[in-house]
Amino acid sequence: MSTTIKLSDEVIAAARRYGDVYSRSAPKQIEYWFRIGKLAEENPDLPYRFIKDILIARQEVVDKEVTPYEFG
């Protein structure tokens, strides 16, 4: 379900700028920032890079781009 919300011109401009760099639309960039921010608040001891790696790993599972780890 999508909802229209008002955001400042500054937020929209930043989302467009960052979105262009990472090949995302402004709304997708804002959604990405939301996911990162939510995870950071829920896990204050985790560094940003670790949170980002978690999101990448989760997507790899969805995309079936994982292989079993073999010990030894």
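Note that the structure is predicted; figures quoted are calculated from it, not measured.

So, how was this worked out
- Throughout, residues of each chain are indexed from 1 in the direction in which the sequence is written.
- For a predicted model such as this one, the threshold for reporting local features is a pLDDT of at least 70, and the threshold for listing and counting side-chain atom pairs is 80 or more; totals across whole chains, interfaces and linings nevertheless cover every residue.
- Excluding hydrogens and water, the side-chain values take into account all heavy atoms of the structure.
- Note on aromatic contacts: the rings of Phe and Tyr and the six-membered ring of Trp form a pair at centre separations within 6.5 Å, being stacked when their planes are under 30 degrees apart, edge-to-face when over 60 apart, and tilted otherwise.
- Secondary structure follows DSSP: runs of H or I at least 4 residues long count as helices, runs of E at least 2 residues long count as strands, and numbering of each begins at the N terminus.
- Residue burial is assigned from relative accessible area. The probe radius is 1.4 Å, only protein chains are included, and a residue is buried under 20% of its type maximum, exposed over 50%, and partly exposed in between.
- Look at NZ for Lys and CZ for Arg. If either is within 6 Å of the ring centre and within 35 degrees of the ring normal, a charge sits over the ring.
- The term salt bridge refers to a side-chain nitrogen of Lys or Arg lying within 4 Å of a carboxyl oxygen of Asp or Glu.

Participant: Can you walk me through the packing of aromatic side chains in this structure?
Facilitator: How two aromatic rings sit relative to each other is given by the distance of their centres and the angle of their planes. Taken as a whole, this structure holds 2 aromatic pairs when the rule is applied. With 5.5 Å between their ring centres and 70° between their planes, Tyr18 and Trp33 make a pair best called edge-to-face. One end of the pair, Tyr18, is in helix H1 (residues 9-21); the other, Trp33, is in helix H2 (residues 26-42), and 15 residues separate them in sequence. A residue is classified by how much of its surface remains accessible, and Trp33, at 33% relative accessible area, is partly exposed. Taking NZ or CZ as reference, Arg24 lies 4.0 Å from the ring centre of Tyr32, over its face.

Participant: Quick question: what am I supposed to make of the pattern of salt bridges here?
Facilitator: Pairing between side chains of opposite charge can happen when the charged atoms of each approach one another. On inspection of all chains with the given rule, the structure shows 3 salt bridges. The salt bridge partner of Lys28 is Glu31, with a shortest N-O separation of 3.4 Å. A residue pair is termed a helical-turn pair when its members lie 3 or 4 positions apart in one helix, as Lys28 and Glu31 do in helix H2 at 3 residues. Ionic pairing is found between Glu42 and Lys38, a salt bridge with its closest N-O pair at 2.7 Å. Taken together, the residues Glu42 and Lys38, both in helix H2 and 4 residues apart, mark about one turn of the helix.

Treat this as a map of the structure, not an account of what it does.
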